[in-house]
Number of protein chains: 4
Amino acid sequence: MSGKQENTQKRRLRLGMVGGGEGAFIGEVHRFAARLDDHYQLVAGALSSQKDKAERSAKVLGLARSYVDFEQMAQQESERSDGIEVVSIVTPNHLHAPVAMAFLKQGIHVICDKPLSATLEEAEALYQVAQASQAQFLLTHNYSAYPMVREARSMVKAGKLGKIRSIQVEYVQDWLTHSLEQTGNKQAAWRSDPSQAGIAGCMGDIGSHAYQLACFVGNTQAKEILADLSTWVEGRALDDDANILLRYENGAKGHLWASQVAPGNENALSLRIYGDKAGIEWHQESPNELIYSVLGEPSQRLRRGNGYLSEAATLVSRIPSGHPEGYLEAFANLYAEFAEQLLSSTFNPDLPTLATGLHGMRFISASVLSSQRNGQWVSLEH
Amino acid sequence: MSGKQENTQKRRLRLGMVGGGEGAFIGEVHRFAARLDDHYQLVAGALSSQKDKAERSAKVLGLARSYVDFEQMAQQESERSDGIEVVSIVTPNHLHAPVAMAFLKQGIHVICDKPLSATLEEAEALYQVAQASQAQFLLTHNYSAYPMVREARSMVKAGKLGKIRSIQVEYVQDWLTHSLEQTGNKQAAWRSDPSQAGIAGCMGDIGSHAYQLACFVGNTQAKEILADLSTWVEGRALDDDANILLRYENGAKGHLWASQVAPGNENALSLRIYGDKAGIEWHQESPNELIYSVLGEPSQRLRRGNGYLSEAATLVSRIPSGHPEGYLEAFANLYAEFAEQLLSSTFNPDLPTLATGLHGMRFISASVLSSQRNGQWVSLEH
Amino acid sequence: MSGKQENTQKRRLRLGMVGGGEGAFIGEVHRFAARLDDHYQLVAGALSSQKDKAERSAKVLGLARSYVDFEQMAQQESERSDGIEVVSIVTPNHLHAPVAMAFLKQGIHVICDKPLSATLEEAEALYQVAQASQAQFLLTHNYSAYPMVREARSMVKAGKLGKIRSIQVEYVQDWLTHSLEQTGNKQAAWRSDPSQAGIAGCMGDIGSHAYQLACFVGNTQAKEILADLSTWVEGRALDDDANILLRYENGAKGHLWASQVAPGNENALSLRIYGDKAGIEWHQESPNELIYSVLGEPSQRLRRGNGYLSEAATLVSRIPSGHPEGYLEAFANLYAEFAEQLLSSTFNPDLPTLATGLHGMRFISASVLSSQRNGQWVSLEH
Amino acid sequence: MSGKQENTQKRRLRLGMVGGGEGAFIGEVHRFAARLDDHYQLVAGALSSQKDKAERSAKVLGLARSYVDFEQMAQQESERSDGIEVVSIVTPNHLHAPVAMAFLKQGIHVICDKPLSATLEEAEALYQVAQASQAQFLLTHNYSAYPMVREARSMVKAGKLGKIRSIQVEYVQDWLTHSLEQTGNKQAAWRSDPSQAGIAGCMGDIGSHAYQLACFVGNTQAKEILADLSTWVEGRALDDDANILLRYENGAKGHLWASQVAPGNENALSLRIYGDKAGIEWHQESPNELIYSVLGEPSQRLRRGNGYLSEAATLVSRIPSGHPEGYLEAFANLYAEFAEQLLSSTFNPDLPTLATGLHGMRFISASVLSSQRNGQWVSLEH
């Protein structure tokens, strides 16, 4: 294995976390990811806006310092010689931008969950703040860090598919088929509450991932889109299903389907790209495989960990082929690569940035607008 | 096996064929289908419009009577006491309507390949003619006759999926990725020639099948559609790829993707339907399986030939489970069911009719129109 | 498509059938197979040993001549100028040899279902009779006629796998998990009755197919085997499950598992062969695919109907890739090839012969013997 | 998620490691596993028997204390108040027993890679030593800690399969198809060297895992086995392929195939178990799924993370369904469960123990003996 390895430099970055207290899902995922390769040491947090809960959570996790107010945390940590160097933001969407701003202003690097913000305006304001900061920004579009996704992107960039014509991407779940948000489920509740989730539901939660994946692998972005958003569950305030037509800058066309109401689908993110030479196909639930079909030849099943893959895949792969890597390993790749970038000052072009997030918000915003207009093409260019 | 069986009544219908001479593909498929269950006896044909070729083909097939002119065939056969009772039309699209008219006018039953015609106007005219005829009409949307497709339709009708919300259908091939029509390939040539194929290429050839399948299983039809058709191959006169948004009469929404330029896809017709209780998934290339997922339960793999299936599937199934049935068997189901309908005078609601074909032409026509208008919703109601 | 086509010579062979009356399964399969490509005309039969049933069945099938006694049939047909040229034997196993002898002695070609006979002694006697006859013999090991099985054999013969080391074959069903033979099921009853099935149950019914497939594709046969046969269902007189170790003449080793008591398996015949260069994998329930893995390269999915396949596959393929062919088409390939062999007098080395059947009986017999000896190596050489 | 979570008790066990220096594979895997859930703190090691390498490796990993001699390490650590509480043994096989003895004698808990030892005699001696020690022992049969493997075991124990009849297990790789051990590959070299690997090659390395998995899920163990071991690669000193027949204590029969020379197989460990009510099927390369087939019903696809699973699966699952967990997560389950057992003093019956390892060595030893006797049944009872 000449691939990714555990941290062997013993320079562990001091990490803080905002959000992620008791009962959170994604906060724990970020902690697994931070820990796996041993590049970070979690030392401080504002894990909840409720003081008791914040302290209880901090204690359980063994944090040295617990805050309730993220502004205070940003300021105090920036003043300590042993203060955090990086903060992970794992709150509901509406807090992403305010929290990120607070830390960026203090020069603390930010790892932020997606989508970037609740509204496009917020995203633009955040972008301005970041331009003025020395600190770096990572948006955790974790699916783009799977080894076989990196391989796919590498193949597209190398021209193996020829000129790209069609991009079909979908991200389909079923957990919101019924009105789960009214049963006390915390994850469902904030995601379907505009004041916490922002302007979109399904589109913000998973549509944003699907779109980023299509752009990342297709090495392009949409020029204009046309959307038909739906809210199937009675009483729900935001979209839970969307069909979107896309026209990309590289000339390709395609479709994006995002749904959280399709029974039988757990976390079915999949991507298919076709050029005039070949096609590729990847499914998140079988992440170690990539199907590659050259016109007129038998389809090939490329698998993680093999010598025939490019460096792009090998560098984010830990264990031999046939030993499945999963979701946490891909998430950990982002953390590890960001650590390497911070320590080496070499920019890694495969990491999702604030600009990625800003464009993502443009996409979400355009999808809402197009749908409100009963399906008209809306430009993503500005 | 209490399913479909070979004809055991020894009343074989006298069959004629128009088109299907040397070098044809679909003509031979129809003959396989007619022969498998032994309900038909092929006795006459106008297999080609070239006399020599017609006669040579007729001789090879052992036909009793060979014609060059289909009008003449229709008339002469109708005058004979041993004349054909049914004709199969397996010509390029532009001849479907004229040939069908000729035979319907003589009271001869028609089995016609899809799409119904080259233009919507033709289809409407044909529909009028048929209204005045005693003869019956079968449109060979063969994919709707697979046992597991019948099972799927039966499940939707029985309410097993609950209220339908989303229908995702696609029919994807790769054989026209390059300009095959300019290399002398006969199948490619007529399909991309507007004078033979009609107003659409990919949409007429396979989009029509995908749409019919969605409607047949979903037990609904589209109210309005919005299309983005593409012609990727330089010099091609008709569409070879299409992304279409659909809104169905039952309230469902969805997407249809048809493409003949997606490398790695042979004949990838697939259908997924999701309701508020359950979802189903079927793939033509694995036709003996149907995935059925009730919300909150493990997905089930329903397979042809098993006792747990409904009569709808069993009636069109020949051999035990695990012994794969394929494309020809599904095609033969249409032939067998049509024979039974003709002999019993009992109408079979699962057979595609001229009305199916007329609606299909409305769909194709609307897709072309919507795309010309850069993607506007076009109604299919009239 | 330059592959297999319907009979276009209009020289249809006159066919008779012994067995296959009302309620039979395999008789109808043979008739489908005979009819598909139009090489045969079924004109006479001894469909049952019960006169009423024989006549009723013959009438339903429209046969010109019905017999009760197969000896009489063989003699009388051989004396007619329009007598049958070929007979299909679709009785329970114990009648295969006596019926085949009767027709071979009259110079009538034989198509016989497997296994060849009820005992090895019978098989040897039949072989002697055949040596003295001008008539030809086809044993319907239908699985060996799938296009992708032919491709696999062709690859092994061409050395694409290198030196063969391991052959893993299995044929697994579940329909005899319980004591179905005691519920009036006719198919189960004769298969578990030694007086009709012969010396073996599962081994004769499906183990024989698995073994023939391994030998056919591996281009070898076993030198010695070691068997552990089981009878899991109480009161059953014959084996219903078997694990067998094999050592082949080409030096390869392997395992054969046959079972009729493994819930979840319908007709799961599968074969995997590994050499020092590459491996292949084929599953009967997905018969249009063959997985081919060259060491150190991505696995390839070879699919029926593509231009990259060898002639061996193309010659037994009817329709384009992506249009699934199934069990009946493979069965029909044997019928078509046998017709071609009879009419052309050119020997087709891919057709299973009486010698294949004799060796198969040696295998079955050795498996019973080895198991009786609690698992000792038994030679198949004689 | 009410499943497994990161350590939230902040009582981290002090861990040492023997083996696992530069260039090792399994040592790094153990470290990933130890770190993921944060139950351990790696503080000391004898990472190599070469002083320079040991120190360099220890420094890179930030260990507080580095040793060259494991005996010395065992003694000195046992004398420190902050000495290690647990040691992980990740050396080649021949050192497992000596190292384990040294630490057990000092009352230090042992986590040891499989197989337990190089010979059966060593295993028996080690077992005696362990009997006299207070320390606990974990053998890292990591595959048994996958959530869906736990589910499978739970189903068997609950009688969902009925009486078990057939167990088919295999573990197939291709990386030793050629003589990799002669090219300088360290992993291949020690595994094919009897002085380091012990009495078996493939059987010790992966056959042992396959057998343990079959016993663990089947809730039984073999009574007697019959083996045919092969060495396909010229010059190789140990077996690289094995076919084994098994008779289990619960009455079931079956087969085990282990191979490291089968091109196209990466790490293809799979298990199928059939009872008189139902069958199950699990594949390590798709570890989040378990196929469950009740006789006469559609097969069900059980998937990790769903509410319909038993506690057995849920307790070792970290993230929601559809977010793949892989090899490292399963490995980490063993580490986490062992930590919980050590801290709680509650015995976890799902963890592989020294007794498991001793029986495993009996199996390996019997397979070698049976094969030397050209395939005779050898008892595993003692």
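Calculation notes
- Residues numbered from 1 in each chain as written.
- Chains lettered and ligands numbered in written order.
- Predicted model: local features only at pLDDT ≥ 70, side-chain atom pairs only at ≥ 80, totals over all residues.
- Heavy atoms only, no water.
- Helix = DSSP H or I, 4+ residues; strand = E, 2+ residues; numbered from the N terminus.
- Rg over C-alpha atoms; globule rule 2.2 N^0.38 Å.
- Buried < 20%, exposed > 50% of the residue type's maximum accessible area, 1.4 Å probe, protein only.
- Contact = heavy atoms within 4.5 Å.
- Areas by Shrake-Rupley, 256 points an atom, 1.4 Å probe, with all protein chains shown as cover.
- Lys, Arg positive; Asp, Glu negative; His and termini not counted.
- Charge placed at Lys NZ, Arg CZ, Asp CG, Glu CD.
- Salt bridge = Lys/Arg side-chain N within 4 Å of Asp/Glu carboxyl O.
- Polar contact = N/O pair within 3.5 Å; in protein donor to acceptor, adjacent residues only side chain to side chain.
- Nonpolar A, V, L, I, M, F, W, Y, C, P; charged D, E, K, R; others polar.
- Pairing = 2+ DSSP bridges.
- Buried area = accessible area lost by both parts, 1.4 Å probe.
- UniProt positions renumbered as here; feature names shortened; annotations may be inferred.
- Axes fitted to C-alpha atoms, helices over the stretch in contact; angles between N-to-C directions.
- Parallel < 35°, antiparallel > 145°, perpendicular 65-115°, else oblique.
- Least-squares fit on C-alpha atoms with pLDDT ≥ 70 in both.

Enquirer: Explain the overall build of chain A to me, using residue names and the numbers behind them.
Expert: Along chain A, the regular secondary structure elements total 12 helices and 15 strands. Rg of the C-alpha trace for chain A: 20 Å, near the compact-globule value of 21 Å for 382 residues, within the 12% margin. Within chain A, the proportion of its 382 residues that are buried is 67%. In chain A, the proportion of contacts linking residues at least 24 apart, taken out of those at least 6 apart, comes to 70%. Entry remark: accessible area of chain A is about 12,500 Å², with carbon and sulfur atoms responsible for 46%. For chain A, the distance from the average position of its 35 positive side-chain charges to the average position of its 43 negative side-chain charges is 4 Å.

Enquirer: An account of the pattern of salt bridges is needed here, citing residue identities and associated values.
Expert: All chains considered together, the criterion is met by 108 salt bridges over all chains. For the salt bridge of Glu124(C) with Arg362(C), the shortest nitrogen-to-oxygen distance reads 3.5 Å. Of this pair, Glu124(C) sits in helix H5 (residues 120-131) while Arg362(C) sits in helix H12 (residues 354-372), placing them 238 residues apart in sequence. For Glu124(C), a relative accessible area of 33% corresponds to the partly exposed category. A residue is classified by how much of its surface remains accessible, and Arg362(C), at 12% relative accessible area, is buried. What emerges from the salt-bridge pattern is a single network uniting Glu266(A), Glu285(A), Glu289(D), Arg301(D) and Arg303(D).

Enquirer: Before we move on, could you go through the interface of chain B and chain A and cite the residues and values that matter?
Expert: Taken together, the 41 residues of chain B in the interface contact 41 residues of chain A. The interface formed by chain B and chain A contains 6 salt bridges. Salt-bridge contacts for Asp228(B) lead to Lys253(A); the nearest nitrogen and oxygen are separated by 3.1 Å. Between chain B and chain A we count 23 residue pairs in polar contact (both at pLDDT 80 or more) in total. Of all the elements in the fold, those that place two or more residues in the side of chain B that touches chain A are strand E7 (164-172), strand E8 (222-230), strand E9 (241-248), strand E10 (253-259), strand E11 (268-275) and strand E12 (278-283) of chain B. Across the side of chain B that touches chain A, the residue classes tally to 14 nonpolar, 17 polar and 10 charged.

Enquirer: Quick one: what's the story with the sheet that holds strand E3 (residues 65-66) of chain A, residue by residue and with numbers?
Expert: Residues and elements named next belong to chain A. Reading across from one edge, E3-E2-E1-E4-E5-E6 is the order of the 6 strands in this open sheet, with parallel pairing throughout. With partners counted over all chains shown, the strands left at the sheet margins are E3 and strand E6 (137-139), one partner each. As paired elements, strand E4 (residues 86-89) and strand E5 (residues 109-112) share 4 bridges and run parallel to each other. Counterpart to Ser88 in the pairing with E5 is Ile111.

Enquirer: Got a sec to walk through the interface of chain D and chain C? Specific residues and values, please.
Expert: Between chain D and chain C, the contact holds 41 residues from the first and 41 residues from the second. Here chain D meets chain C over a buried area of about 3,400 Å², counting both sides, of which 53% is carbon and sulfur. Ranking the residues of chain D by area buried against chain C places Arg165(D), Trp232(D) and Pro263(D) at the top, with a combined share of 21%. Here Arg272(C) makes a salt bridge to Glu170(D), at a shortest N to O gap of 2.6 Å. At the surface where chain D touches chain C, the tally comes to 23 residue pairs in polar contact (both at pLDDT 80 or more).

Enquirer: I'd love a proper account of the side chain of Ser293(D), names of residues and values included.
Expert: Mapping Ser293(D) onto the fold places it in strand E13 (residues 289-294). A distance of 2.6 Å separates polar atoms of two side chains, one belonging to Ser293(D) and the other to Ser299(D). The contact partners of Ser293(D), leaving out residues within four places of it in the chain, are Pro263(C), Gly264(C), Lys277(D), Ala278(D), Gly279(D) and Ser299(D).

Enquirer: Requested: an account of the UniProt feature "domain: Gfo/Idh/MocA-like oxidoreductase N-terminal" (unreviewed entry) in chain A, with residues and values cited.
Expert: Residues annotated in UniProt with the feature "domain: Gfo/Idh/MocA-like oxidoreductase N-terminal" (unreviewed entry) correspond here to residues 14-138 of chain A. Its end C-alpha atoms 16 Å apart, residues 14-138 of chain A is made of 46% helix and 19% strand.

Enquirer: Give a detailed account of the packing of helix H4 (residues 96-105) of chain C against H5(C), specifying residues and quantitative values.
Expert: For any two helices packed against each other, the geometry is given by the interaxial angle and the distance between the axes. All names here are of chain C. Relative to each other, H4 and H5 sit at 5°, their axes nearing to 10 Å. With respect to H5, the element H4 is oriented roughly parallel. Contacts between H4 and H5 pair Ala97, Pro98, Ala100, Met101, Leu104 and Lys105 from the former with Glu122, Ala125, Leu126, Val129 and Ala130 from the latter. Class assignment of the residues belonging to the contact of H4 with H5 gives a composition of 9 nonpolar, no polar and 2 charged.

Enquirer: Give me the lowdown on the side chain of Glu85(A), citing residues and values where you can.
Expert: Residues and elements named next belong to chain A. One can find Glu85 in the loop between helix H3 (70-79) and E4. Among the polar contacts made by the side chain of Glu85, one reaches the main-chain amide nitrogen of Arg14 at a distance of 2.7 Å. Discounting residues that sit within four places of it in the chain, Glu85 has contacts with Arg11, Arg12, Leu13, Arg14, Ile108 and His109.

Enquirer: Could you give me a rundown of the relation of the copies chain B and chain A, with the residues and numbers involved?
Expert: Superposition record for chain B on chain A: RMSD 0.0 Å, screw rotation 180°, translation along axis 0.0 Å. Taken together, these values place the two copies in the relation of a two-fold axis. Both copies share a contact surface, since 100% of the interface residues of chain B are interface residues in chain A too.

Enquirer: For the sheet that holds strand E2 (residues 40-46) of chain B, give the residues involved together with the corresponding values.
Expert: Residue and element names in this part refer to chain B. Strands sit in the order E3-E2-E1-E4-E5-E6 across an open sheet of 6 strands; the sheet is parallel. At either margin of the open sheet sits one strand with a lone partner, and together these are strand E3 (65-66) and strand E6 (137-139). Bridge count between strand E5 (residues 109-112) and E6: 3 bridges; the pairing is parallel. Among the inter-strand pairings, Cys112 is bridged to a residue of E6, identified as Leu139.

Enquirer: Describe in detail the pairing of strand E10 (residues 253-259) of chain C, supporting the description with residues and values.
Expert: Residue and element names in this part refer to chain C. Most of E10 sits inside the fold, with 7 of its 7 residues counted as buried. Of the two faces of E10, both are covered, the one formed by Lys253, His255, Trp257 and Ser259 as well as the one formed by Gly254, Leu256 and Ala258. Alignment of strand E7 (residues 164-172) against E10, held across 7 bridges, turns out to be parallel. Residue pairing for E10: Gln168 is matched across the bridge by His255. In this sheet, E10 lies alongside strand E9 (residues 241-248) in antiparallel orientation, the contact comprising 7 bridges. When the sheet's bridge partners are listed, Leu245 is paired in E10 with His255.

Enquirer: How would you summarise unusual backbone geometry if you had to cite specific residues and measurements?
Expert: With an omega of -10°, the peptide bond between Lys114(B) and Pro115(B) qualifies as cis. Residue placement: Pro115(B) occurs in the loop between E5 and helix H5 (120-131). In this structure, Asn374(A) is a non-glycine residue whose phi angle is positive, near 60°. With respect to the secondary-structure elements, Asn374(A) resides in the loop between helix H12 (354-372) and strand E15 (378-379). Judged by its relative accessible area of 38%, Asn374(A) falls in the partly exposed class. For Asn219(C), which is not glycine, the phi torsion reads 55° and is therefore positive. Here Asn219(C) shows up in the loop between helix H9 (202-218) and strand E8 (222-230). According to the relative accessible area criterion, Asn219(C) is partly exposed, its value standing at 42%.

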